[in-house]
Amino acid sequence: MDGYLLRYFLAVAEAGNFSRAAGQVNVTQPTLSAGIAKLEAQLGQRLFERDRKRVALTQAGSRFLKHAQRIVAEYELALREISATPPAPKLRVGVLSTFPSARLEALARAHRARPGAETLEFLDGSERELKTWLEDERIELAVTQLRPGTPHLAQEGLYSEAYVLVMAASHRLAGRELVLGEELAEEAMIIRRHCEVLAATSQYFTQRGVRPGFALKTTNDDKALALVRAGLGVTVMPESFKGPGIALARMRDFDHQRDIGLVYSARGRPLAVGGGVFVETARRVLVPG
């Protein structure tokens, strides 16, 4: 049932006249009459007795009147409450391109489930891009790798993780906690061209006389993991990429790690002090234990 039909009905019931009622709802009398006829057809009852002098409610119309008044009143109350509710604040969050998709999904799901959650706008970028966006205040905060020497940006550590060898769960070295670089001489490598320790990884193998072949060069971590699970090669990734179908192992004398946390722009610094739903969620979801 359309809301305008209820308004037509209430106007006629109040005015007792189709002409005056049409003026109250700003429509022509034929339009009003057609609307009342449509409403009566939907209800299967005549709502008004009409004669030349007056329009009166039928018994069915009288019963319907109190329901129509309540429906319209509730609808108008709902409109007022919604219009009085301030929109959720928007928060622009930069996310490091090498931050695992699964962890970002878990963070977004947990955030959406919380009362008062901000409307989020995520921007995916490299470490350098995120730093620039923070300084330019294009974003309020970033989930990124923490670096020393940025006193103008507030930082908050969340967790640290090592870079590890990632292989298929069925790989011959799966189940090992520690792998020697020399053991990878015959392996095909999946090169993550955006990896923060790519140069260090290359140097690690070069120093050991290892020249592995390449199965893929990509900047897409999901593709890299897909081919690792398929057994096409191994790669080096942060250990938070662990998941079904893959195995992780440390490489001897490869001790690189990264610190992940929140970095705030000048505009976002109050979030570091006063919190904010997203910040509180990140602290709860991403901090181990």
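Conventions used here
Residues numbered from 1 in each chain as written. Predicted model: local features only at pLDDT ≥ 70, side-chain atom pairs only at ≥ 80, totals over all residues. Heavy atoms only, no water. Core = buried A, V, L, I, M, F, W, Y, C linked by side-chain atoms within 4.5 Å. Buried < 20%, exposed > 50% of the residue type's maximum accessible area, 1.4 Å probe, protein only. Helix = DSSP H or I, 4+ residues; strand = E, 2+ residues; numbered from the N terminus. Contact = heavy atoms within 4.5 Å. pLDDT = per-residue confidence, 0-100. Axes fitted to C-alpha atoms, helices over the stretch in contact; angles between N-to-C directions. Parallel < 35°, antiparallel > 145°, perpendicular 65-115°, else oblique. Nonpolar A, V, L, I, M, F, W, Y, C, P; charged D, E, K, R; others polar. Pairing = 2+ DSSP bridges. Right-handed = clockwise from strand over helix to strand, strands pointing away.

A. Examining the nonpolar core more closely. One finds F99, L141, V143, L262 and L286 to be the most contacted residues of the largest nonpolar core, which totals 27 residues. Secondary structure elements with two or more residues in this core: β3 (90-96), α6 (127-135), β5 (141-145), β6 (154-168), β12 (257-264) and α10 (277-286). Sequence-distant contacts of L141, that is, excluding residues within four places in its chain, are made with L91, R92, V93, G94, L134, L262, V263, Y264, L271, F278 and V279. By size, the runner-up hydrophobic cluster in this structure holds 21 residues, among which are L5, F18, L32 and L65.

B. Representation of the confidence of the model for the protein chain. Chain-level pLDDT for the protein chain is 92 on average; 98% of the residues reach the 70-or-more range. Summarising per-element confidence for the protein chain, the mean pLDDT is lowest in helix α9 (residues 269-274) (82) and highest in strand β11 (residues 246-251) (98).

C. Structural context of the packing of helix α1 (residues 3-15) against helix α3 (residues 29-43). Between α1 and α3, whose axes approach to 9 Å, the crossing angle comes to 110 degrees. The orientation of α1 with respect to α3, classified from their angle, is roughly perpendicular. Residue-level inspection shows Y4, L5, Y8, F9 and V12 of α1 in contact with α3, the latter providing T31, L32, G35, I36, K38, L39 and Q42. Here the residues of the contact of α1 with α3 are counted per class, giving eight nonpolar, three polar and one charged.

D. Inspection of unusual backbone geometry at higher detail. Residue E137 is not a glycine yet carries a positive backbone phi of 60 degrees. Note that E137 resides in the loop between α6 and β5. By relative accessible area, which is 28% here, E137 ends up partly exposed. Its identity as a non-glycine residue notwithstanding, D253 has a phi of 65 degrees, on the positive side. The topology assignment puts D253 in the loop between β11 and β12. When its relative accessible area of 56% is taken as the criterion, D253 is described as exposed.

E. Local environment of the environment of A266. For A266, the position within the fold is in the loop between β12 and α9. With 66 residues separating them along the chain, A266 and A200 place their C-alpha atoms 33 Å apart.

F. Focus on the pairing of strand β9 (residues 213-218). With five bridges joining them, strand β8 (residues 188-192) and β9 adopt parallel strand pairing. Of the residues in β9, the one forming a bridge with I191 is K217. Handedness of the crossover joining β8 and β9 through helix α7 (residues 198-207): right-handed.

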